[in-house]
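Now for the letters of each chain:
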Amino acid sequence: CEGARRGGRRREVGSESLAHGRQARKKRAEKKTQREEEEALIEFHRSYRDLFQFFCNNTTIHGAIRLVCSQHNRMKTAFWAVLWLCTFGMMYWQFGQLFAEYFSYPVSLNINLDSDKLVFPAVTVCTLNPYRYTQIKGELEELDRITEQTLYDLYKYNSSNTLGAHPRGRRDLRETWPHPPQRLCNQNKSDCFYQTYSSGVDAVREWYRFHYINILSRLRDTSPSPGEDMLDNFIFACRFNQDSCNQANYSHFHHPMYGNCYTFNGKNSSNLWMSSMPGIKNGLSLTLRTEQNDFIPLLSTVTGARVMVHGQDEPAFMDDGGFNLRPGVETSISMRKEALDRLGGNYGDCTKNGSDVPVENLYRSKYTQQVCIRSCFQENMIKECGCAYIFYPLPKNAEFCDYRKHNSWGYCYYKLQDAFSSDRLGCFTKCRKPCSVTSYELSAGYARWPSVTSQDWIFRMLSRQNNYTINNKRNGVAKLNIFFKELKFKTNSESPSVTTVTLLSNLATQWSLWFGSSVLSVVEMAELIFDLLVITFLMLLRRFRSRYWSPGRGGRGAQEVASTPASSLPPHFCPHSTPPSSSPPGPATSAALTAPPPAYATLGPCPSPSSLVRTSSSTYTLGEP
């Protein structure tokens, strides 16, 4: 009996131990499940329907809720779906228009009017008398005689009284000059350049000019002899702002076609002139001598002077921006300053200082488009013809063209000039516009000067002052006044029409117009797209696994299934497992684990951990000791 009681107590203790073990395992399973649920920080919906329904019920976008609340009425659902999609389409079409406008980089022109003291521009005045240099005087006389013979042969005109030369025969002309006025040929005479003129005067002048620059290129120094470049020989009087000019206010240079030139208030001036008041009395006033000295009458056929207004750091291109003064006339030029600031980069094709232009600046001055174009032509001239054009700066290791050294440079020059005019050289394409440009708008007024009643005493005073007797009074003088019309100057500046802030504002306006939502609604749309991508990826992954783990895969598939961790299986789903048998674990149990898993269609909800514990506990019984 005592043994039976001890056995009963042992069985009761065993039963209590088994019960305590089951409770402990149950608590551990519940804690594990709770911990897994707490660690699931990111959850995704099971289907597109669930995701779309959740989005429509919780989004702040107007009209989305109508797709859910009217789901029992298919007509309303279809209507709101079509309306919602059309609204989205219109909105994104507007977005496309806004982005297209933004990336076209439009600009707005801002006009500002300011008033302040202004720096007086540089003024260049030329005599229109090309200089007859002493070093080449004999060659120029020979050229005059050949020209006289040409005029006689073509037009039967005897110009000996005009040129002061003696005619020569055609034989002498051919022996002396390699290029007759009819044509210019290449080196082997296989091709010739012909140019026609509607005027015989233009033809003779062009031919004379061609030979003149050939002769001029042989001079090492083109500066006139001392005394010829004196300011008093050309300008009788000079005043600025009621003060007389001095030698520090001007610089001198010689132009092959326009003779002696003087630049007032240039970059070499000691002190730049400032204009604090507008009007003719507060500008530059010049009294010029315009008599023709007959230096080279076949080269210069104009009487007067040539004037150009330009910036201090810009070269004087007398051919492009200059204008002529008429003798016996007072010319008054009123100026108005204008500045233009362009946007570079994506907003416009301009350059700030020319450093990004593939053309070397031969003028060593501020970059302008004309400076670049002339430098480009000179580069092509040296490359194609082997010599430099005398009207443009001479680069290093180059020499000016002379038909004694380059007998076919004339043919090459005119061919190159034709290609330059049609932009086959690419100079106009390479030379971009500068981003900052300062210009002067000029207005001219003319009056007879001096008047009939005052000309006698004016001419007498000028003659005594300059110790020079004027033979032809009215044709020998001219007066020039240059002044600011007003001290107001206009600045035209470009600014972006559509900035990043403007683009965002326009996008927000369109978004609010079509959906009445905010930036957070955009985040909701981004979240919806992200969830769609994740769900699509998971569905593709499940389909891939289902196909890869099909029953026909054999032992390889079973081994991979057996080695797949439980965490990779879809959440809230598990295979329908049969209750374990009452037999203890052994070889049969391990063999059952190698069976292929069921298809995804047989997946059902997982049993709770408590039911698993109960099943396990009911399977095994405590044996007798």
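What this report covers is the structure whose coordinates are included nearby.

What counts as what
Residues numbered from 1 in each chain as written. Predicted model: local features only at pLDDT ≥ 70, side-chain atom pairs only at ≥ 80, totals over all residues. Heavy atoms only, no water. Core = buried A, V, L, I, M, F, W, Y, C linked by side-chain atoms within 4.5 Å. Buried < 20%, exposed > 50% of the residue type's maximum accessible area, 1.4 Å probe, protein only. Helix = DSSP H or I, 4+ residues; strand = E, 2+ residues; numbered from the N terminus. Contact = heavy atoms within 4.5 Å. Phe/Tyr/Trp six-rings, centres within 6.5 Å; stacked < 30°, edge-to-face > 60°. Axes fitted to C-alpha atoms, helices over the stretch in contact; angles between N-to-C directions. Parallel < 35°, antiparallel > 145°, perpendicular 65-115°, else oblique. Left-handed = near helix turned anticlockwise from the far one by under 90°. Nonpolar A, V, L, I, M, F, W, Y, C, P; charged D, E, K, R; others polar. Expected span 1.5 Å × (residues − 1). Disulfide = S-S within 2.5 Å.

Side note on the nonpolar core
Phase 1: Counting residues in each nonpolar core, the largest one holds 56 residues, and the members touching the most others are Tyr 212, Phe 377, Met 381 and Trp 409.
Phase 2: Where this core is concerned, the elements lending two or more residues are helix 5 (137-155), helix 8 (200-216), helix 10 (369-385) and helix 11 (409-421).
Phase 3: The element contributing the most residues to this core is helix 11, with eight residues.
Phase 4: Excluding residues that lie within four positions of it along the chain, Phe 377 makes contacts with Tyr 392, Tyr 413, Leu 416, Gln 417, Phe 420, Leu 425 and Cys 427.
Phase 5: Among the nonpolar cores identified, the runner-up in size contains 28 residues, and Tyr 250, Trp 273, Leu 286 and Val 307 belong to it.

Here's the deal with unusual backbone geometry
Phase 1: In the segment running from Trp 449 into Pro 450, the intervening peptide bond is cis, with an omega of -10 degrees.
Phase 2: Even without being a glycine, Asn 265 presents a positive backbone phi close to 60 degrees.
Phase 3: Mapped onto the secondary structure, Asn 265 falls in the loop between strand 9 (259-264) and strand 10 (274-275).
Phase 4: You can call Asn 265 buried: its relative accessible area is 1%.

A short note on the packing of aromatic side chains
Phase 1: Applying the stated criterion across every chain, the model contains 30 aromatic pairs.
Phase 2: Considering the side-chain rings of Phe 88 and Tyr 92, the 5.6 Å spacing of their centres and the 20 degrees angle between planes classify their relative orientation as stacked. Of this pair, Phe 88 and Tyr 92 both sit in helix 4 (residues 74-103), four residues apart, which is roughly one turn of the helix.
Phase 3: For Phe 88, a relative accessible area of 10% gives the class buried.
Phase 4: Residue class for Tyr 92 comes out partly exposed when judged on its relative accessible area of 41%.

Focus: the packing of helix 8 against helix 11
Phase 1: Close contact between helix 8 and helix 11 brings their axes to 12 Å; oriented N to C, the two are set at 120 degrees. Between helix 8 and helix 11, the angle falls in the class oblique. In this structure, helix 8 crosses over helix 11, and the sense of that crossing is right-handed. Between helix 8, through Glu 206, Phe 210, Ile 213 and Asn 214, and helix 11, the contact on the second element is made entirely by Trp 409, Gly 410 and Tyr 414.
Phase 2: For the contact of helix 8 with helix 11, a count of residues per class yields four nonpolar, two polar and one charged.

Digging into helix 10
Phase 1: Spanning 17 residues, helix 10 covers 24 Å between terminal C-alpha atoms, matching the ideal 24 Å at 1.5 Å per step.
Phase 2: Its buried side turned inward, helix 10 meets helix 9 (318-321), helix 11 and helix 12 (427-430).
Phase 3: Backbone geometry just downstream of helix 10 places Gly 386 in the positive-phi region, at approximately 80 degrees.

Some points on the state of the cysteines
Phase 1: Enumeration over the complete set of coordinates arrives at seven disulfides.
Phase 2: Disulfide pairing places Cys 238 opposite Cys 245 at an S-S distance of 2.0 Å. What sets the handedness of the Cys 238 and Cys 245 disulfide is the S-S torsion sign, and at about -65 degrees it is left-handed.
Phase 3: Accessibility expressed as a relative area gives 11% for Cys 238, which makes it buried.
Phase 4: Between the sulfur atoms of Cys 385 and its disulfide mate Cys 412 the distance is 1.9 Å. Looking down the S-S bond of the Cys 385 and Cys 412 bridge, the torsion is -85 degrees, so its handedness is left-handed. Placement of Cys 385 in helix 10 and of Cys 412 in helix 11 is noted, with a sequence separation of 27 residues between them.

Points about the packing of helix 4 against helix 14 (residues 500-515)
Phase 1: It is the contact of helix 4 with helix 14, at a shortest axis distance of 10 Å, that shows an interaxial angle of 165 degrees. Considered as vectors, helix 4 and helix 14 are oriented roughly antiparallel to each other. Remark: the crossing between helix 4 and helix 14 carries right-handed chirality. On helix 14, the residues touching Trp 84, Thr 87, Phe 88, Met 90, Met 91, Tyr 92, Gln 94, Phe 95, Leu 98, Phe 99 and Tyr 102 of helix 4 are Thr 500, Leu 503, Asn 506, Leu 507, Gln 510, Trp 511, Trp 514 and Phe 515.

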